[in-house]
Amino acid sequence: MDERQTPADSRLGDLEPGTRQRAQLRTRLSDIAWTALCVVLALWAVWTVVDLARGATAWAYSAVAWVLLAAALVVRTMAMRRRTSL
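The paragraphs below set out a description of the structure included in this document.

Cut-offs used in this document
Residues numbered from 1 in each chain as written. Predicted model: local features only at pLDDT ≥ 70, side-chain atom pairs only at ≥ 80, totals over all residues. Heavy atoms only, no water. Helix = DSSP H or I, 4+ residues; strand = E, 2+ residues; numbered from the N terminus. Buried < 20%, exposed > 50% of the residue type's maximum accessible area, 1.4 Å probe, protein only. Contact = heavy atoms within 4.5 Å. Core = buried A, V, L, I, M, F, W, Y, C linked by side-chain atoms within 4.5 Å. Patch = residues over 30% accessible without salt bridge, like charges linked within 9 Å, V, L, I, M, F, W, Y side chains within 5 Å. Areas by Shrake-Rupley, 256 points an atom, 1.4 Å probe, with all protein chains shown as cover. Salt bridge = Lys/Arg side-chain N within 4 Å of Asp/Glu carboxyl O. Expected span 1.5 Å × (residues − 1). Bend = angle between axes of the 7 residues up to and from the residue.

Brief notes about the overall build of the protein chain
Then comes step 1: For the protein chain, the helix and strand inventory stands at 2 helices and 0 strands.
Then comes step 2: Here the protein chain holds 86 residues, and the buried ones make up 15% of them.
Then comes step 3: The long-range fraction of contacts in the protein chain, counting pairs at least 24 apart against all pairs at least 6 apart in sequence, stands at 44%.

Considerations on the nonpolar core
Then comes step 1: The biggest cluster of nonpolar side chains holds 7 residues, and these are Trp34, Cys38, Leu41, Ala45, Ala65, Leu69 and Ala72.
Then comes step 2: Counting only elements with at least two residues in this core, the list comes to α1 (20–53) and α2 (59–82).
Then comes step 3: When residues in this core are grouped by element, the largest group, 4 residues, is from α1.
Then comes step 4: Once residues lying within four places of it in the same chain are set aside, the contact partners of alanine 45 are Ala65, Trp66 and Leu69.

Topic: a nonpolar patch on the surface
Then comes step 1: A contiguous nonpolar patch, built from Leu15, Leu25, Leu29 and Ile32 and spanning about 370 Å² of accessible area, is present on the exposed surface.
Then comes step 2: Relative to the elements of secondary structure, leucine 29 occurs in helix α1.

Structural notes on α1
Then comes step 1: In this model, α1 (34 residues) spans 50 Å end to end at C-alpha, consistent with the 50 Å of a helix rising 1.5 Å per residue.
Then comes step 2: Residue arginine 26 marks the point of greatest curvature in α1, where the axis turns by about 30°.
Then comes step 3: Looking at α1, one finds that the buried residues are Ser30, Trp34, Cys38, Leu41, Ala45 and Thr48.
Then comes step 4: At its buried positions, α1 is contacted by α2.
Then comes step 5: One or two steps after α1, the chain reaches glycine 55, where phi turns positive at roughly 110°.

Some thoughts on the environment of threonine 35
Then comes step 1: Here threonine 35 shows up in helix α1.
Then comes step 2: A relative accessible area of 49% places threonine 35 in the partly exposed class.
Then comes step 3: Counting along the chain gives 37 residues from threonine 35 to alanine 72, while the straight-line C-alpha distance between them is 9.7 Å.

Re α2
Then comes step 1: The end-to-end C-alpha separation of α2 is 35 Å, in line with the 34 Å expected for 24 residues at 1.5 Å each.
Then comes step 2: When α2 is considered as a whole, its buried residues turn out to be Ser62, Ala65, Leu69, Ala72, Arg76 and Ala79.

Thoughts on the side chain of threonine 48
Then comes step 1: Among the secondary structure elements, threonine 48 is positioned in helix α1.
Then comes step 2: Its relative accessible area of 7% is what places threonine 48 among the buried residues.
Then comes step 3: When neighbours within four sequence positions are excluded, threonine 48 is seen to be in contact with Tyr61, Ser62, Ala65 and Trp66.

This is the structure in structure tokens:
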């Protein structure tokens, strides 16, 4: 097989500067990061509530988890409404 480079191969790649995909990359990564953060905080919050139901005395961890989850969701919702990326 001959591996010569054709003129079609010299065009811009998907993630090179100036392409639409490159412009959308930051927004996509931001969405993935915010989703991951909210999932982790939600799991932590539920886990602390389950521990409280079992008789653990670490209610402060539960309060912090729920406050952080609420703050992350509010900031994410505001960013989505403004269509900006954080």
